[in-house]
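# Notes for the structure review
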Amino acid sequence: DQVTRIVVLPGDGIGPEVTNEAISCLEMLSDHFELGLRFEEHPFGGAGIDAHGDPLPETTLHACRNSDAVFLGAVGGPKWDKAEKRPEVGLLGLRSALGLFANLRPSRVIPGLESFSPLKASIATGADVLVVRELTGGLYFGERTQSDDFASDLCTYSRVEVERIAHVAFQEARRRGSKVTSVDKANVLATSKLWRRIVEEVAAGYPDVTLDHMYVDAAAMALVSAPGRFDVILTENLFGDILSDQLSVIGGSIGLLGSASRGADGPMMFEPIHGSAPDIAGLDIANPAGAIASAAMLLEIGLGLHEHAAMLNNALEQVLLDGARTADLGGDSTCSSFGAQVREKLQERLDRHSAMAG
Ligand code: NAD
Ligand code: IPM
Ligand code: MN
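Residues numbered from 1 in each chain as written. Chains lettered and ligands numbered in written order. Predicted model: local features only at pLDDT ≥ 70, side-chain atom pairs only at ≥ 80, totals over all residues.

Below, the discussion takes up the site of ligand 2. Around ligand 2 sit Gly76, Glu88, Leu91, Leu92, Asp241 and Ile273, and those are all the residues in its vicinity. For the shell around ligand 2, the element with the highest residue contribution is helix H4 (residues 87–97), accounting for three residues. Along the lines of polarity and charge, the residues of the shell around ligand 2 split into three nonpolar, one polar and two charged. (Near = placed C-beta within 6 Å. Helix = DSSP H or I, 4+ residues; strand = E, 2+ residues; numbered from the N terminus. Nonpolar A, V, L, I, M, F, W, Y, C, P; charged D, E, K, R; others polar.)

This is the structure we're talking about:
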């Protein structure tokens, strides 16, 4: 039998709570359709420090390299903020080791759930944006120096790094609204000038996709004044980090958003875009929707199981449309009860599927 190895890194804070709900959904689908998904958990982040004195233990990295896909909850927390190697260092190390240069972060205002958005319905309605964030370059990976009175972070981008992420954005745009907005700070930064020039060159190979450029400050403004003007946002590492959190709120909550990261080859990684939320950890009130959405992306993008991904997404959306709300969306569903509701809806879909097949 075909076995698909999924390495699960629950991580810290609410990471294990939301991961648990997401993996239970995948297990249900795997059992029903005999997908042969095998899950193995490994310590990572703060949990890696506690178990092995390293946020990215050698055994964890080895398992990830030899997997078919990696699922991550979240890492970090006050307990390890002063650690010599913080949990976040482990996350950057893993992204880099797996060569995950492209991070896809989709966000939309779900039709019927416009009231989730803090924006006026007239502005929010129909917003549907994919952030394509460069994930292994820029300020995150440049040389750093730090002394008592001085610190520096070097921002670098090479032609190859910009070309490959630009190709991802244009290819994704072809499957959506055929529009790319490249976000940079080319009125100031040398890396942004290079970025803009190379994005223009790559764009020439995609005459069917419209390209425009925006400075990051103006883009931040447009995201909340006219989110509907965007389709795919292509941007560098730090800008993508910031803009994707901002974008998440337009759909209602950071707890709703999943993401997929991929490299040229090798296993892909799937994770909600939120962090370990130490302020609500252990209370069973986190929103597991972003983790469940990440699980659906694992099925769709990681394993090419489009129908199964659609079933899971559909069950998740139905639970929200039926009125289930965790605290971040003003409701009193718990993390586990929300997850259980998604699996109930999923079971209904599986039963219907069996009835049709039988
Ligand atoms: P955060 O995303 O953890 O939390 C920001 C706010 O959003 C908090 O008020 C939190 O309660 C809320 N929130 C986040 N996820 C939620 C969910 N699923 N349901 C309901 N509410 C949710 O960001 P932070 O507080 O800036 O960072 C906390 C820690 O997480 C830090 O150590 C940070 O470095 C780390 N972090 C990790 C990742 C990751 O592992 N990918 C991402 C972001 C931050
Ligand atoms: C994210 C997080 C990480 C990042 C941190 C924890 C290193 O904020 O995944 O968005 O900045 O990339
Ligand atoms: Mn972030």
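The rest of the description comes next.
We now examine the nonpolar core. Core analysis: the largest hydrophobic core is formed by 98 residues, its most contacted members being Phe71, Val132, Leu234, Ile292, Ala295 and Leu312. If you tally residues by element for this core, the top one is helix H10 (residues 289–302), at nine residues. Both of domain 1 (1–98 + 267–358) and domain 2 (103–265) provide at least three residues apiece to this core. Aside from chain neighbours lying at most four places away, what touches Leu234 is Val132, Ile165, Ala166, Ala169, Val180, Ser182, Val183 and Val199. (Core = buried A, V, L, I, M, F, W, Y, C linked by C-beta atoms within 7 Å. Buried ≥ 20, exposed ≤ 12 C-beta atoms within 10 Å, placed from the backbone. Domains from an automatic or database assignment. Contact = placed C-beta atoms within 7 Å.)

Turning next to the packing of H10 against helix H11 (residues 306–321). Between H10 and H11, whose axes approach to 7 Å, the crossing angle comes to 165°. When the axes of H10 and H11 are compared, the pair comes out roughly antiparallel. As H10 runs across H11, the sense of the crossing is left-handed. Residues Ala289, Ile292, Ala293, Ala295, Ala296, Leu299 and Glu300 of H10 touch H11, and the partners they reach there are His306, His308, Ala309, Leu312, Asn313 and Leu316. For the contact of H10 with H11, the residue count by class is nine nonpolar, three polar and one charged. (Axes fitted to C-alpha atoms, helices over the stretch in contact; angles between N-to-C directions. Parallel < 35°, antiparallel > 145°, perpendicular 65-115°, else oblique. Left-handed = near helix turned anticlockwise from the far one by under 90°.)

Moving on: the site of ligand 1. Not every one of the 22 residues close to ligand 1 is listed here, only the nearest: Gly76, Gly255, His274, Gly275 and Asn287. Within the shell around ligand 1, the residues separate by chemical class into ten nonpolar, eight polar and four charged.

Right, let's get into the confidence of the model for the protein. A residue-level look at the protein finds 100% of positions with pLDDT of 70 or above and a mean pLDDT of 97. Across the protein, the element-wise mean pLDDT spans from 95 in helix H5 (residues 121–124) up to 99 in strand S8 (residues 179–184). (pLDDT = per-residue confidence, 0-100.)

Right, let's get into the pairing of strand S10 (residues 232–235). Burial of S10 is two-sided: the residues Val232 and Leu234 facing one way and the residues Ile233 and Thr235 facing the other way are all buried. Here four bridges tie strand S5 (residues 128–134) to S10, and the two strands are oriented parallel to one another. Bridged to Leu130 within S10 is Val232. In this structure, S8 lies alongside S10, joined through four bridges in parallel fashion. Considered in S10, the bridge of Val180 is made with Val232. (Pairing = 2+ DSSP bridges.)

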